[in-house]
Amino acid sequence: MNSESRENGYIVLQGLTKHFGLVVAVDRVDLNIAQGEFFALLGPSGCGKTTTLRLIAGLERPTAGRIFIGGRDVTDLVPRERDVAMVFQDYALYPHMTLLENIGYPLKVRGVPRKKLVARVREVAEHLKIADLLDRRPSQVSGGQQQRAAVARALVHEPKVFLFDEPLSNLDAKLRLEARAFLKHLQREVGVTTVYVTHDQAEAMAMADRIAVMFAGRIAQVGSPLDVYREPMTVEVAAFLGNPPMNLIPGRLEGGEFVGPGFRIPLSSTSPSGEAFLGIRPEHLRLAERGETGAIPGRLYAVQPLGPEVLVTAQVGEVTVSVRLFTEELPHLGDEVWLLVDPSRVHLFDSGGKRIR
Amino acid sequence: MAFLAPALLFIGVFLLFPFIWVLIISFTDTALTGPSAANPSFVGLENYYRLFNASRWMRAGEFGNALRNTLFFVLGSAILGQAPLGLAIALAFHRKKGLVRELVFSVATMAWILPDVAVAFAWIAFLDRDFGTLNAVLGAFGAKAIDWYFEKPLVAITLFNIWRGTAFSMLLFSAALGNIPPSYWETAEVAGANAWQRFRDIILPLILPHFLTDLILITLWTFNTFTPYLITGGGPFFRSETVSMYTYRVAFKFLEFGRGAAVAVVMMAINLVLATGYLLSLRRGRAWR
Amino acid sequence: MNLVRFVILRLGFVLVTVLIGTFFVLPLLWLLTAPFNAQATLRVEWPSPFTLRNFGDVFRNTFAIRALFLNSIIQAGGTMLGTAVIATLAAYALSRLEIRGRNVLVYLLVLFSSVVTGTAAMVPIFLLLYYLRLIDTHLGVILVLTGGLLPTGIFLMRDFVESIPRSYEESALVSGATPWQTFRDVVLPVLRPGMMVVAVWAFVNAWGNFLIPAILIRSPEKMPAPVAIYSFYTEGGTPVLTLISAYSLLYAIPVVVLYLFVNWRYGFRFFGGIKGGGK
Ligand SMILES: Nc1ncnc2c1ncn2[C@@H]1O[C@H](COP(=O)(O)OP(=O)(O)OP(=O)(O)O)[C@@H](O)[C@H]1O
Ligand SMILES: [Mg+2]
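Keep in mind that what you see is a predicted model, and the values were worked out from it rather than measured. (Residues numbered from 1 in each chain as written. Chains lettered and ligands numbered in written order. Predicted model: local features only at pLDDT ≥ 70, side-chain atom pairs only at ≥ 80, totals over all residues. Heavy atoms only, no water.)

A. The overall build of chain C, seen in detail. If you tally the helices and strands in chain C, you get eleven helices and zero strands. If you list the helices and strands of chain C from N to C, you get α-α-α-α-α-α-α-α-α-α-α. Each principal axis of the C-alpha atoms in chain C carries an extent, and together these give about 75 × 70 × 35 Å. Out of the 279 residues in chain C, the part that is buried amounts to 60%. (Helix = DSSP H or I, 4+ residues; strand = E, 2+ residues; numbered from the N terminus. Buried < 20%, exposed > 50% of the residue type's maximum accessible area, 1.4 Å probe, protein only.)

B. Unusual backbone geometry, seen in detail. Residue and element names in this part refer to chain A. Omega for the bond connecting N243 with P244 falls within 30 degrees of zero, at -5 degrees, which places this linkage in the cis form. Residue placement: P244 occurs in the loop between α9 (235-240) and β11 (247-254). Residues other than glycine seldom take positive phi values, yet R28 does so here, at roughly 45 degrees. Structurally, R28 can be placed in strand β2 (residues 23-33).

C. Layout of the site of ligand 1. Residue and element names in this part refer to chain A. Neighbouring ligand 1 are F20, V23, A25, P44, S45, G46, C47, G48, K49, T50, T51 and E166. At a separation of 3.2 Å, an oxygen atom of ligand 1 approaches a polar backbone atom of C47. At 2.5 Å, a side-chain N or O of T50 approaches an oxygen atom of ligand 1. Look at ligand 1: alone it shows 630 Å² of surface, and the protein chains cover 59% of it. At the level of elements, β2 and α2 (49-57) are the ones that each hand at least two residues to the shell around ligand 1. A per-element tally of the shell around ligand 1 places α2 first, with three residues. Each residue belonging to the shell around ligand 1 can be placed in one class, and the counts come to five nonpolar, five polar and two charged. (Near = heavy atom within 4 Å. Polar contact = N/O pair within 3.5 Å; in protein donor to acceptor, adjacent residues only side chain to side chain. Areas by Shrake-Rupley, 256 points an atom, 1.4 Å probe, with all protein chains shown as cover. Nonpolar A, V, L, I, M, F, W, Y, C, P; charged D, E, K, R; others polar.)

D. Focus on the interface of chain A and chain C. Facing 22 residues of chain A, the contacting portion of chain C comprises 18 residues. Interface of chain A and chain C: buried area, both sides summed, is about 1700 Å²; carbon and sulfur atoms make up 60% of it. By the criterion of area lost to chain C, the three top residues of chain A are R80, Y94 and Y105 of chain A, representing 30% of everything that side buries. Linking chain A with chain C are two salt bridges. Between E170 of chain C and R54 of chain A there is a salt bridge, with its nearest N and O atoms 2.6 Å apart. (Contact = heavy atoms within 4.5 Å. Buried area = accessible area lost by both parts, 1.4 Å probe. Salt bridge = Lys/Arg side-chain N within 4 Å of Asp/Glu carboxyl O.)

E. Here's a closer look at the arrangement of the chains. Among the two pairs of chains that make contact, the interface with the largest number of contacts is formed by chains B and C. One finds no contact between chain A and chain B; the C-alpha atoms of the two approach each other to within 16 Å at their closest.

F. Just the sheet that holds strand β5 (residues 72-73) of chain A, in detail. Residues and elements named next belong to chain A. What the four strands build is an open sheet, ordered β2-β1-β4-β5; its pairing is antiparallel. The sheet is open, and its two edges are formed by β2 and β5, each paired on a single side. In this sheet, β2 lies alongside strand β1 (residues 11-20) in antiparallel orientation, the contact comprising seven bridges. Looking across to β2, one finds that K18 is bridged to V26. Its contacts with the sheet place α2 against β1, β2 and β4 (64-69), and it is angled at close to 120 degrees to β1. (Pairing = 2+ DSSP bridges. Axes fitted to C-alpha atoms, helices over the stretch in contact; angles between N-to-C directions.)

G. Fine view of the interface of chain B and chain C. Counting from both sides, the interface comprises 85 residues of chain B and, opposite them, 83 residues of chain C. At the boundary of chain B with chain C, total buried surface from both sides reaches about 7600 Å², with 84% on carbon and sulfur atoms. If you sort the residues of chain B by the area they bury against chain C, F3, F14 and F121 of chain B come out on top, with a joint share of 10%. For the interface between chain B and chain C, the tally reads zero salt bridges. Counting the contacts that link chain B with chain C gives seven residue pairs in polar contact (both at pLDDT 80 or more). Considered class by class, the residues forming the side of chain B that touches chain C number 67 nonpolar, 13 polar and five charged.

H. Main features of the sheet that holds strand β17 (residues 310-316) of chain A. All names here are of chain A. The strand order β15-β19-β16-β17-β18 describes an open sheet built from five strands, whose pairing is antiparallel. Two strands lie at the open edges of the sheet, namely β15 (285-288) and β18 (319-325), each paired on one side alone. Here the strands of the sheet are splayed against their neighbours by 45 degrees on average, with no regard to which way each runs. Relative to strand β19 (residues 336-341), strand β16 (residues 296-305) is paired through four bridges, and the arrangement is antiparallel. Bridge pairing in β19 places I296 opposite L339.

I. Summary view of helix α12 (residues 243-253) of chain B. All names here are of chain B. For α12, the tally of buried residues reaches ten of eleven residues, placing the bulk of the element in the interior. What α12 keeps buried is the set V243, S244, M245, Y246, T247, Y248, R249, V250, A251 and F252. A positive backbone phi angle near 60 degrees is found at L255, which sits one or two residues after α12.

Here it is in structure tokens:
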């Protein structure tokens, strides 16, 4: 995506706001989503992702702000007039219709003749490998097949925009990985602009061209998955991404050093003094010997072997710190551990949670 | 939405409008026959004075008599009859399946849904002094024959109404019990509670709101039911006449609508008081839950 | 010791069950034996001589047969249709519109609907129909019964409507359907079992109701079965038991059939928990 198309995005949200009574579900959201882009809305439960998606679909009326799709102001249009397609978390396949009727429904309400409808549904179903299930009802096919049928229904009338609301959360772990690859592949293939809502950061990172991280109705950061991962702009974003998420140790900045509970880390650039958070990804820590310079002292909390790696958690001051060790061996650890970090890999946030560097 | 319009119209015309109109009529001498039929006139509280005339209030065929009968009828058949019996059946068959349950539930439900007139004739036969099944059964246990219609008309219609209406409570409690997750019982069972303790500590608190709902509905239904009229006609000498039958007699036998309306207003007021009382206790019951 | 207790409890349970079952069955026995008895009395006895003549005699009474097979069906059928359709529309609208206090509202209406079909409201309702010139018409009976049954019908229907996920309708809207198409294609088919239940319930209530047609219908050719049955009295005012029992049985059969149907198809119980139910 070049920056120009981002400026005149295909989907543009301007100051989008939605109140439910006293609850501010979406708060002055500005977004530019480029044509053909796979865009993920990521955030914790209740942050307003679904509401944002429903505003784009036209299922909710915004309290304030405007929505543009393909240069057209659709803010006051009903869903029918927006030419979008949406896949719901529960798929919303109608129990009384066969998969054929379900998938063909968007064509039916557009008055497409039966013959053409069946042909088009077959075509899409072939593509999604559910063509031999078209006579069945939703209850007679598996969860993964239901999910494909729901996607097929979204594809069938070649909408301008795909909207997905956690479409994978009803699948078991294995199917979810498969469906992830499948959806990403499909989106590349058909090239339809996609907004994808999820609270699973791994899903968002794996699938999206760009991610918007939302907290409490506001967009905290927008960027490519790697940018957001490497340079989280706030403590919240930092703590939300990664598995396990970034360690955040409270302390102080003094004379070019970060002073934490029982350790000091010299910083390459000078920063103003004051309270701060030190952020370290678990994979950027390693075990050190007692008393090594710059080592962070902690008390061992738990050791979890995960197969390809070992997860060690330790108590550092008031917080627990996770360390990912890329080894299959169980380390022999005493009660006390020392953790070492590459100073160029640390993140610093001021007391307000804003990134310092 | 236009979807609501027909319902609002119906409810407005047949539910709210009668409420208001009946109040107005009750202050007039509206009648279908006689001199005031053509243009009824305003008579103030006269209809109400006649209703509550202290000197003859409790006499046979007067309002007080009907009210007392109704009190007995509602207490006996709804509150002491249907609700406990329905709960007992629901409890007895809780978490049970099979033919016996199916049969008991089916006959009880039949008693509830069969047409008024059909069950009325069945009960006339059932209660007959010389040939009735009830006396035959009692006789088999050595009791002497009772002339239900002449000796115990109020008891007879009370018994009838228990028979007629228990199914509702039974079905309601059975659904309520079915909604209690089995793990609640099992936890208590594992903890060592016996059947009575389980009932007292787990079931009772959980179904208390349903108990109140049940009581509200069956009280109001029993209060307003007209079916026993088809068995006793309110007789003999008005000894089984309930308020509902009294209204019918005044309004549609004597065709004195003004007076009938006054009774109806009093009836609606009693309904209102009952419903409000229950609703309030329901709210309180929910509050501390 | 424990075994003894178990046996006693078991026996007690069986005994009480049998007693309760008997209490509900006994009054109905007469309706099953008398119609087949050429010399029926009020006694429950094995029909002797056994006969089907009573039914033949009933069928020769054209007035009573017309009442049962025409008038009752028109009145109960009309009420059934009216209640099912209007209650469905209303329940749908109520559950999809965010109206404050709607639960209390419906609850109150349900409480008071028993007044409408009771005697208290009959005075104004009679006068209302009188002025609308609907006394002694099928329509009048249908309207009054529908009005009285609607609140509970809505109440019953709400459980079904609320069990439909919103995403069904929203997905249809996003697919490009109009609100009416959404209702017709998605909501209505899913609601069909609920409508069936409400329809059967309304039919059974209207079919069995005595008071309303007794007050509102005057002319013999429009009387439904519960009123017409009183024609099986002799001039002296004594009931002809053979005919009355046979007619009662015929009149009760549709209700039994509907009950068996609903019980077989859906299981006769209150749906969605407790809120449901009511006669
Ligand atoms: N119809 C509504 N009425 C009132 N409040 C609502 C409504 N819909 C959403 N909210 C509130 O708005 C906020 C955002 O909700 P939303 O469903 O958008 O969150 P979400 O990010 O999708 O969460 P989740 O991951 O749990 O689905 C929440 O606080 C929610 O309670
Ligand atoms: Mg959501």
